[in-house]
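As a plain string of letters, each chain reads:
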Amino acid sequence: APVAVDLGSGMAMAQAQPVTDADGTRQLMALFPAGVTAQADMGGGVMAPLPSSLHLRMTELTRGEDGPSRMPADLPESSAYTYAFELSVDEAEAMGAEHVVFDAPVPVYTDNFLHFPVGTPVPFGTYDEEAARWQAEPDGVVLALVGATAGLADLDLTGDGAADPAMYAAWRITDDERRELASTHSAGDELWRVTMSHFTVGDTNWPKWLRDFVEPLV
């Protein structure tokens with residue numbers, strides 16, 4: 001179902017319905033920074049503005065035993081099947097756009113349902129249906145909430161059990177983002193965090209954990 005997102009009202013939060021299967025429970029969440037704007041990439045270098053009020057669809061593909069058959073293509077040899085999701089914007093699809101492009105990175109979270117160690121990098125990529133290929137995106141990180149200060153979540157980014165405020169700027173984690181995390185999660189929660197600057201209409205996004213890391217753990 002579509003989730004209404006208002007980009008003109010400060011940081012906007014969108015959450016998918018929780019998913020539970022044999023691997024555990026997780027919930028996809030996207031945080032749109034205050035002031036971020038979105039454009040529809042129509043192809044051929046043509047960009048068109050999108051309204052500030054959007055309808056976002058957030059779908060995990062990898063839930064349950066039928067998950068592998070929902071993947072849009074075989075994964076690269078260096079990757080293992082773990083978690084994949086689709087994000088789409090109704091307004092962009094109605095325009096026939098190829099991509100939705102944001103002028104600031106959009107943090108995307110899900111629960112650490114596979115219990116990877118805090119501080120572990122999250123290799124991340126997308127499948128572009130127009131180009132029919134997987135492409136790498138910037139790595140994310142497994143983080144943990146260790147408390148809150150003045151309504152802002154304190155985040156452990158290294159796995160030592162303590163907050164790492166000196167690292168927030170390097171990860172572009174803002175006070176607004178920490179405020180949303182403090183309001184939606186509790187101390188002890190562990191999450192995967194990646195950032196996206198574009199949604200490909202009809203794309204698939206997946207943390208592409210390296211096989212030599214995943215196979216000993218699953």
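Cut-offs and rules
Residues numbered from 1 in each chain as written. Predicted model: local features only at pLDDT ≥ 70, side-chain atom pairs only at ≥ 80, totals over all residues. Heavy atoms only, no water. 1 Å grid on protein atoms, 1.4 Å probe; cavity = no way out; pocket = protein on both sides within 12 Å on 5 of 7 lines; lining within 4 Å. Points joined across faces, edges and corners; volume = space filled by probe spheres on them. Helix = DSSP H or I, 4+ residues; strand = E, 2+ residues; numbered from the N terminus. Nonpolar A, V, L, I, M, F, W, Y, C, P; charged D, E, K, R; others polar. Core = buried A, V, L, I, M, F, W, Y, C linked by side-chain atoms within 4.5 Å. Buried < 20%, exposed > 50% of the residue type's maximum accessible area, 1.4 Å probe, protein only. Contact = heavy atoms within 4.5 Å. Pairing = 2+ DSSP bridges. Polar contact = N/O pair within 3.5 Å; in protein donor to acceptor, adjacent residues only side chain to side chain. Phe/Tyr/Trp six-rings, centres within 6.5 Å; stacked < 30°, edge-to-face > 60°. Lys NZ or Arg CZ within 6 Å of the ring centre and 35° of its normal.

Remarks on the layout of surface pockets
Its boundaries defined by the atoms lining it, the largest pocket holds a volume of some 300 Å³. Ala1, Ala16, Gln17, Met58 and Thr59 are, among the 16 residues lining the largest pocket, the residues nearest its centre. A total of four residues in the lining of the largest pocket trace back to one element, the largest contributor, which is strand S8 (residues 53-60).

Examining empty space enclosed by the protein
The probe, sized like a water molecule, is rolled over the atoms to show the empty space still left. A full pass over the atoms with the stated rule returns two cavities of 30 Å³ or more. Empty space within the largest cavity amounts to approximately 60 Å³. What lines the largest cavity is a set of 11 residues, among which Tyr83, Phe85, Val108, Thr110 and Val194 lie closest to the centre. Looking at the lining of the largest cavity, the elements that each hand over two or more residues are strand S10 (99-111) and strand S14 (190-200). For the lining of the largest cavity, the residue count by class is nine nonpolar, one polar and one charged. Here the second largest cavity is characterised by a volume of approximately 30 Å³.

Side note on the nonpolar core
One finds Phe32, Leu56 and Phe199 to be the most contacted residues of the largest nonpolar core, which totals 37 residues. Ignoring anything within four residues of it in the chain, the contact list for phenylalanine 199 reads Phe32, Leu56, Leu87, Val89, His99, Val100 and Phe102. Judged by nonpolar contacts, the second largest core, of 14 residues, contains Met29, Leu31, Leu143 and Leu191.

Observations regarding the pairing of strand S7 (residues 46-49)
The sheet contact formed by strand S6 (residues 38-43) and S7 spans four bridges and is antiparallel. Residue pairing for S7: alanine 40 is matched across the bridge by alanine 48. What sits between the antiparallel neighbours S6 and S7 is a turn of two residues, in which glycine 44 has the positive phi angle 65 degrees.

Some remarks on the environment of glycine 161
Structurally, the position occupied by glycine 161 is in the loop between strand S13 (152-156) and helix H3 (175-184). Between the C-alpha atom of glycine 161 and that of alanine 132, which follows or precedes it by 29 residues, the distance is 41 Å. Leaving out residues up to four positions away in the same chain, glycine 161 has contacts with Val146 and Asp156.

Some points on the side chain of aspartate 21
The topology assignment puts aspartate 21 in strand S3 (residues 19-21). The class for aspartate 21 is buried, based on a relative accessible area of 19%. Reaching out from aspartate 21, the side chain makes a polar contact with the backbone nitrogen of aspartate 23 at a distance of 2.9 Å. Reaching out from aspartate 21, the side chain makes a polar contact with the backbone nitrogen of glycine 64 at a distance of 2.7 Å. In this structure, aspartate 21 is in contact with Arg26, Thr62, Arg63 and Gly64, ignoring residues within four places of it in sequence.

Examining the packing of aromatic side chains
By convention here, two paired aromatic rings are described through the distance between centres and the angle between planes. Under the definition given, this model contains eight aromatic pairs. Look at phenylalanine 32 and phenylalanine 102: their rings are 5.7 Å apart centre to centre, the planes differ by 50 degrees, and that puts the pair in the tilted class. On the criterion of sequence distance, the pair formed by phenylalanine 32 in strand S5 (residues 29-32) and phenylalanine 102 in strand S10 is long-range, its members being 70 residues apart. For the pair phenylalanine 32 and phenylalanine 102, one class covers both residues: buried. Ring plane angle 35 degrees and centroid distance 5.4 Å describe the contact between phenylalanine 113 and tryptophan 192, whose orientation is recorded as tilted. In this pair, phenylalanine 113 is assigned in the loop between S10 and strand S11 (121-128) and tryptophan 192 in strand S14, connecting sequence segments 79 residues apart. Each of the two residues, phenylalanine 113 as well as tryptophan 192, counts as buried. Connected via pairs of aromatic rings, a cluster forms that spans Tyr83, Phe85, Phe113, Phe116, Phe124 and Trp192. Here the guanidinium or amino end of arginine 26 rests over the ring plane of phenylalanine 113, the centre of that ring lying 4.2 Å away.

Keep in mind that these numbers describe shape and distance, not what the molecule does.
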